[in-house]
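# Examining the three-dimensional arrangement
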Amino acid sequence: MTSDIMSDAAAAPRDDAATAARNRLVIALLLVSTFVVFLNETIMSVAIPHLMKDLGVTASAAQWLTTAFLLTMAVVIPVTGFLLQRLHTRPIFALAMGIFSAGTLICAVAPGLELLVVGRVVQATGTAIMMPLLMTTVMTLVPPESRGKTMGNISIVMSVAPAVGPTIGGFILAYLDWRWMFILVLPIALGALALGWARIQNVSTPRYAPLDIFSVIVSALAFGGIVYGLSSLGEGATHDEASPIPSWAPIAVGIVAMAIFVWRQLLLQRQDRALLDLRTFGSRNYTIAVVTMAVAMMSLFGTVILLPIYTQHVLGLDTLQTGLLLLPGGLLMGLLGPTVGRLYDRIGATRLLVPGTIIVSVVLWLLTLVDQTTSVWAVLAGHIAISVGLALMFTPLFTAALSSVPMPLYSHASAILGSIQQVAGAAGVALFVALMTVGTATRAAEGLDPVSALSGGIRMGFLCGALISLFAIGAAFFVRKPAAQPGMSMGH
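Note that the structure is predicted; figures quoted are calculated from it, not measured. (Residues numbered from 1 in each chain as written. Predicted model: local features only at pLDDT ≥ 70, side-chain atom pairs only at ≥ 80, totals over all residues. Heavy atoms only, no water.)

## What to know about the overall build of the protein
So the rule is basically this: Secondary structure elements follow DSSP: runs of H or I no shorter than four residues count as helices, runs of E no shorter than two count as strands, and numbering proceeds from the N terminus. Note on classification: 1.4 Å probe, protein chains only; a residue is buried when its accessible area is under 20% of the maximum for its type, exposed when over 50%, partly exposed between these limits. Throughout, a contact is declared for two residues whenever any of their heavy atoms are within 4.5 Å. Areas reported as accessible are Shrake-Rupley estimates using a 1.4 Å probe. Residue values count occlusion only from the protein chains shown.
Regarding its fold elements, the protein presents 17 helices and zero strands. Looking at the protein as a whole, 58% of its 492 residues are labelled buried. Long-range contacts, defined as pairs at least 24 residues apart, comprise 86% of the intrachain contacts of the protein with a sequence gap of at least 6. Accessible area of the protein: about 19,100 Å², with a carbon and sulfur share of 69%.

Structure, rendered in structure tokens:
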């Protein structure tokens, strides 16, 4: 009997060590794969001026390569809450990477803008599945006291991959055709798929979860209408003829659809059948963190889309120079991620978020002053500074938000956070470009030369971001690090 007890005691640490090693491997593979798919969110941003000339399209049309990607993610992410409950970890990973690889192939062979946008939509569908899969897996496997550090690593994926996308795109465009942005990614995506299929183990327990088709349709109308309406504002400014459909109409449809979607979820969640369970917003901390995250994503993606247009069309830099200009900020954001995560574990959210939001706001206000005479070094310094500010925001916001809800709501909380994050990013891109287009058209009508008119339009876009950033500063004071709840350590 004594020997049996000793054997059991010896086996327990071995089992714990094996489980920990398995968990680390699963999270590492998910991190690498998610980095690959998230890189494509903004890899096209530096190519937009190039594609406008190559394909003969306007800025408002070309920016749909980014907006359609983000919008598709926002529409698909709510459904992933259903998928995560119904499927094991391994098959849902294979589904995500398989769809992403198919979309990458479509983009690589696309002859024009229309099929290229289709390929981006397919890519985004796969990317949308990866995001909640990573977040929910981490929240399930990592104990509360270590989440800040792990979320710091995730912030590399969430913020750095989109930030360095323009740099990589710039390098490729300097030497190769734009299709190589996808040709080079395809074997990496297929390699990640093969490695994940071979090494990822199932760490989730599937259960029955209903799918409300009506909620899926209404959510698509809600998110699609709002972002399409914002894009239409900019598109309409480039045409002399009045559009038969007023630009506010899609926004109105989106707002009405969003109200219906929320009403539907409130009804369904009483029976635990909601597509997105809005009881997550019962946590004040989660709600404030999500709102602040939305502002941060609007600032990040709006800046990422406008800066390449400014540096190439106003300052006269080429795509490679623009990519190099944006590289230091993206790398610094990545290097700071784990450090910020450890600081979050030690000092909490507020003392990181307040300086972070202030830095982002100050840089956006300074960007409202740029013109043809602005030094490239000033732009570089501004981009590095805003990258530091965003690094101080992302990890605390992700960790504080998801740690504020009980375990049964993890998949819903991560899906809601991901949806709002992507809608905010898409809205930021659409709104910044719309205001840039309106401002440019107004100044051109006043007789300014094209470069001066564009410079003024870009300043208008940054002014929008600067005004929005003030709300994030106020909200930052109210985000707290949630206390560890008993029984919330699920490293199984």
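Next comes the rest of the description.
## So, the pattern of salt bridges
Heads up, the condition is: Here, a salt bridge means any side-chain nitrogen of Lys or Arg that lies within 4 Å of a carboxyl oxygen of Asp or Glu.
Scanning all chains against the criterion turns up three salt bridges. With a shortest N-O distance of 3.3 Å, D177 and R179 are connected by a salt bridge. Residue class for D177 comes out partly exposed when judged on its relative accessible area of 33%. Residue class for R179 comes out partly exposed when judged on its relative accessible area of 23%. Notably, a salt bridge pairs D212 with R264, separated by 2.9 Å at the nearest N-O pair. Placement of the pair is D212 in the loop between α9 (185-199) and α10 (213-236) and R264 in helix α11 (residues 248-268), with a sequence separation of 52 residues. By relative accessible area, which is 22% here, R264 ends up partly exposed.

## Observations regarding the nonpolar core
In summary, soluble globular proteins display a tendency toward joint burial of nonpolar side chains. Definition in use: Take the buried residues of types Ala, Val, Leu, Ile, Met, Phe, Trp, Tyr and Cys, join any two whose side-chain atoms come within 4.5 Å, and each joined set is a nonpolar core.
L116, M181, Y286, L390, F394 and I458 are the most contacted members of the largest nonpolar core, which has 151 residues in total. The element best represented in this core is helix α12 (residues 284-313), accounting for 18 residues. Contact partners of M181, with chain neighbours within four places excluded, come to I43, M44, A47, G169, I172 and L173.

## Remarks on the packing of aromatic side chains
Stated precisely, the cut-off is as follows: Here is the rule: rings of Phe, Tyr and Trp (six-membered ring for Trp) pair when centre to centre is within 6.5 Å. Planes less than 30 degrees apart are stacked, more than 60 are edge-to-face, and the remainder are tilted. For a Lys NZ or an Arg CZ to count as sitting over a ring, it must be within 6 Å of the ring centre and within 35 degrees of the ring normal.
Using the criterion set out here, one finds three aromatic pairs in the structure. With a centroid separation of 5.6 Å and an interplanar angle of 65°, the aromatic rings of F281 and Y286 are classed as edge-to-face. Taken together, a centroid distance of 6.5 Å and an interplanar angle of 90° make the contact between F432 and F462 edge-to-face. With a gap of 30 residues between them, F432 in helix α16 (residues 410-445) and F462 in helix α17 (residues 450-476) connect regions that are remote in the sequence. Like F462, F432 is buried. Lying over the aromatic face of Y344, K481 brings its terminal NZ or CZ to 5.5 Å of the ring centre.

## Concerning the confidence of the model for the protein
Condition: Each residue carries a pLDDT score, the predictor's own confidence in it, on a scale running from 0 to 100.
On average, the protein scores 80 in pLDDT, and the residues at 70 or more come to 87%. Averaged over each element, pLDDT in the protein is lowest for helix α1 (residues 2-38) (66) and highest for helix α14 (residues 350-367) (92). This model gives residues 1-13 a pLDDT under 50, and the stretch forms zero contacts once residues within four places in sequence are excluded. Counting contacts from residues 237-241, a segment whose pLDDT is below 50, to residues more than four positions away or on other chains yields four contacts.

## Points about empty space enclosed by the protein
Rolling a probe over the atoms, with the probe sized like a water molecule, indicates the empty space that remains. Rule in force here: Here a cavity denotes grid points, spaced 1 Å and computed from the protein atoms alone, that fit a 1.4 Å probe unable to get out, and a pocket denotes an open set having protein on both sides within 12 Å along at least 5 of 7 lines; residues with an atom within 4 Å of a point are the lining. Grid points are joined across faces, edges and corners, and a volume is the space filled by probe spheres set on the points. Each residue is assigned to one class: nonpolar for Ala, Val, Leu, Ile, Met, Phe, Trp, Tyr, Cys and Pro, charged for Asp, Glu, Lys and Arg, and polar for all the others, Gly among them.
According to the stated counting rule, one finds two cavities of 30 Å³ or more in the structure shown. Estimates place the volume of the second largest cavity at around 30 Å³. Taken together, V295, A296, S299, T357, V360, M393, S469 and A472 make up the lining of the second largest cavity. Residues that form the lining of the second largest cavity fall into these classes: five nonpolar, three polar and no charged.

## With respect to the layout of surface pockets
In this structure, the second largest pocket encloses a volume near 460 Å³. Taken together, 18 residues form the lining of the second largest pocket, with F223, M258, F281, I420 and V423 sitting closest to its centre. Elements supplying a minimum of two residues to the lining of the second largest pocket: α10, α11, α12 and α16. The element best represented in the lining of the second largest pocket is α16, accounting for six residues.

## Some words on the packing of α14 against helix α15 (residues 376-402)
Note the threshold: Fitted lines through C-alpha atoms serve as axes, helices being fitted only where they are in contact, and the angles separating the N-to-C directions of these axes extend from 0 to 180 degrees. Take the far helix as your reference; a near helix turned counterclockwise from it by less than a right angle gives a left-handed crossing, and one turned clockwise gives a right-handed crossing.
Across the interface, α14 lies against α15 with an axial gap of 8 Å and an inter-helix angle of 145°. Regarding α14 and α15, the two cross each other, and that crossing is left-handed. Contacts from L352, L353, P355, G356, T357, I359, V360, V363 and L364 of α14 reach α15 at G382, A385, I386, V388, G389, L390, L392, M393, P396 and L397.

## Some thoughts on the side chain of S387
With respect to the helices and strands, the residue S387 is situated in helix α15. If we skip the residues at most four places from it in the chain, S387 touches G329, G330 and M333.

## Details of the packing of α14 against α17
Put simply, the rule reads: The labels follow the angle: roughly parallel below 35 degrees, roughly antiparallel above 145, roughly perpendicular from 65 to 115, and oblique for the rest.
Orientation of α14 relative to α17, taken along the N-to-C sense of each, is 160°, at an axis distance of 8 Å. Taken together, the axis directions place α14 and α17 in an arrangement best described as roughly antiparallel. Between α14 and α17 lies a crossing whose hand is left-handed. Across from T350, L353, V354, T357, I358, S361, L364, W365 and L367 in α14, the residues of α17 making contact are R459, F462, L463, G465, A466, L467, S469, L470, A472, I473 and A476. Taken together, the residues of the contact of α14 with α17 sort by class into 14 nonpolar, five polar and one charged.

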